Amino acid sequence: MGIDWKETMVSLKRIGSTLILFLGLNAFVDTFFSFERGNFTVRLVPYAFKSFQLFLMTTVVVYFLGQRTLRIKVEPLFWLLFLFTGDIVVSTLYADDTVNPTDLARTVFWVLAALAVYFLRQADCLDEKLLYRMVVFNFFWVCLRITAYKLFNIWIGAEVNSDAIGEFTKDGVVNNLGYSLVWLAPLYLAFESKHRFPILLAVFFSMLASFKRGALLGLIFGFLAYYVLNRRVKGRNRGSIVPDLLRASLILALAAGAFFLFKDYILYRMADIDGDKSFGSGRATFYQIVLDHWDNFVGTKKMIGAGFFQVMPMLGLYWEAAIPAHSDWLETLYDQGILGVSILASIHLLLLAKVWRAIQQRASYGPQLAYTYVIFFLTSVYSISLYSFDTAWFGVSLGYYLGTDVLEKRRLPAAESVETSDENSPPLASPEVASKAP
């Protein structure tokens, strides 16, 4: 007997829904449990939680690659991403300092998430309603944490020390929550909602409250790209520009209000831009340290790098703190050498080509993909986007957009067949569409 594809799709939808649910709950679990701090039980919870997600992702990927019922397309971008992660894994073998398995898992996590969502979406097995609800839940949770702390000094999350270092840790956590918002914004725009504008206003206000400069820059330029391209989508009613101008005016007024409300904190975060450290948080200095050390590499080491995640221990010796390179390009250059940077450049070029093609075709997902790439490009330049669990939503976004591209192209021949068939004859459909579960 052959495989019942309808029953299989129901099972895949359940697995996919479980995966999306757990991905959506990451922000909640990470609030109260940490890999870095606490006793064994505190560390065990996020390890178990994310390990289960890795298991679900692997189950989805292995099934789709092994089955023969539905012809699955694998976007070349994913081969590049796995080549990049493979290079990272190999580089752990010759790293001078010990590699934390958690850091390695972070680089693999979002790639597997992207591929799993990509397969589920192109097979029409993805629960979009649940995905939308998880995005809204994350918006609500992150905004709640930011505004509660900034407006009322109420801390939501695991306890930290009450000394100066502890207070700085709280500010740092809230500050970094800005990236959680900016990765979610373009994916949220992929769904129609009558509450879209109020939710985006709350996100913008919370972003200003946290004042993560890099994330705020991504939010602004990303929205600019989205607004310009959204009016070019096929079938999109452009309408009057007046409502958009009114919304823009309201956002500017909200921005002005937030600036005066959090003026002291914002000015404090901007103080080092023209200070001794320059370029914000000392980047001009430790960027040069990373480049100088890579320049001193000789022979093969210059080509393959020092090994995965070796910038932190190196800067711990030559800088005031052990920190990442704060640039995907510099981190990759030092860790994986010229080879790694070449793969990273290929990923960017291929993503840029996908954005351009979506714009040319006026695809429905084009504006959101462009928004996502703007964030990815900016964070790759001045932050870390490839080495963090927070990048999981970037992976989910990519998988959703690219899977939508495949799904829409599969549905197009079926729709054309229905239009050209005789009105008395039954509608024609592709095997994939015909076998969809109800």
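Below: a short report on this structure.

## Focus: a nonpolar patch on the surface
For step 1, the next point in the chain: Together, Leu217, Ile220, Phe221, Leu224, Tyr227 and Val228 make up an exposed nonpolar region whose accessible area comes to about 530 Å².
For step 2, the next point in the chain: Counting through the fold element by element, Leu217 comes out in helix 8 (residues 213-230).
For step 3, the next point in the chain: Assessed through its relative accessible area of 34%, Leu217 is described here as partly exposed.

## A closer look at helix 4 (residues 101-122)
For step 1, the next point in the chain: With 22 residues, helix 4 extends 32 Å between its outermost C-alpha atoms, agreeing within 8% with the 32 Å of an ideal straight helix rising 1.5 Å per residue.
For step 2, the next point in the chain: Burial analysis of helix 4 places 18 of its 22 residues in the buried class, which makes it a mostly covered element.
For step 3, the next point in the chain: Directly after helix 4, the chain includes Asp124, whose backbone phi takes a positive value near 60°.

## Things to note about the packing of aromatic side chains
For step 1, the next point in the chain: The final tally for this structure, using the stated rule, is 26 aromatic pairs.
For step 2, the next point in the chain: Where Trp110 meets Phe394, the ring centres are 5.2 Å apart and the plane angle is 45°; that geometry is what we call tilted. Here Phe394 lies in helix 16 (residues 392-420) and Trp110 lies in helix 4, a separation of 284 residues in the sequence.
For step 3, the next point in the chain: The structure contains a cluster of three or more aromatic residues connected by ring pairs, namely Trp110, Trp183, Tyr373, Phe376, Phe377 and Phe394.
For step 4, the next point in the chain: Here the basic side chain of Lys302 rests over the ring of Trp294, its NZ or CZ set 5.0 Å away from the ring centre.

Here is what the cut-offs are and how they apply
- Residues numbered from 1 in each chain as written.
- Predicted model: local features only at pLDDT ≥ 70, side-chain atom pairs only at ≥ 80, totals over all residues.
- Heavy atoms only, no water.
- Patch = residues over 30% accessible without salt bridge, like charges linked within 9 Å, V, L, I, M, F, W, Y side chains within 5 Å.
- Areas by Shrake-Rupley, 256 points an atom, 1.4 Å probe, with all protein chains shown as cover.
- Salt bridge = Lys/Arg side-chain N within 4 Å of Asp/Glu carboxyl O.
- Helix = DSSP H or I, 4+ residues; strand = E, 2+ residues; numbered from the N terminus.
- Buried < 20%, exposed > 50% of the residue type's maximum accessible area, 1.4 Å probe, protein only.
- Expected span 1.5 Å × (residues − 1).
- Phe/Tyr/Trp six-rings, centres within 6.5 Å; stacked < 30°, edge-to-face > 60°.
- Lys NZ or Arg CZ within 6 Å of the ring centre and 35° of its normal.

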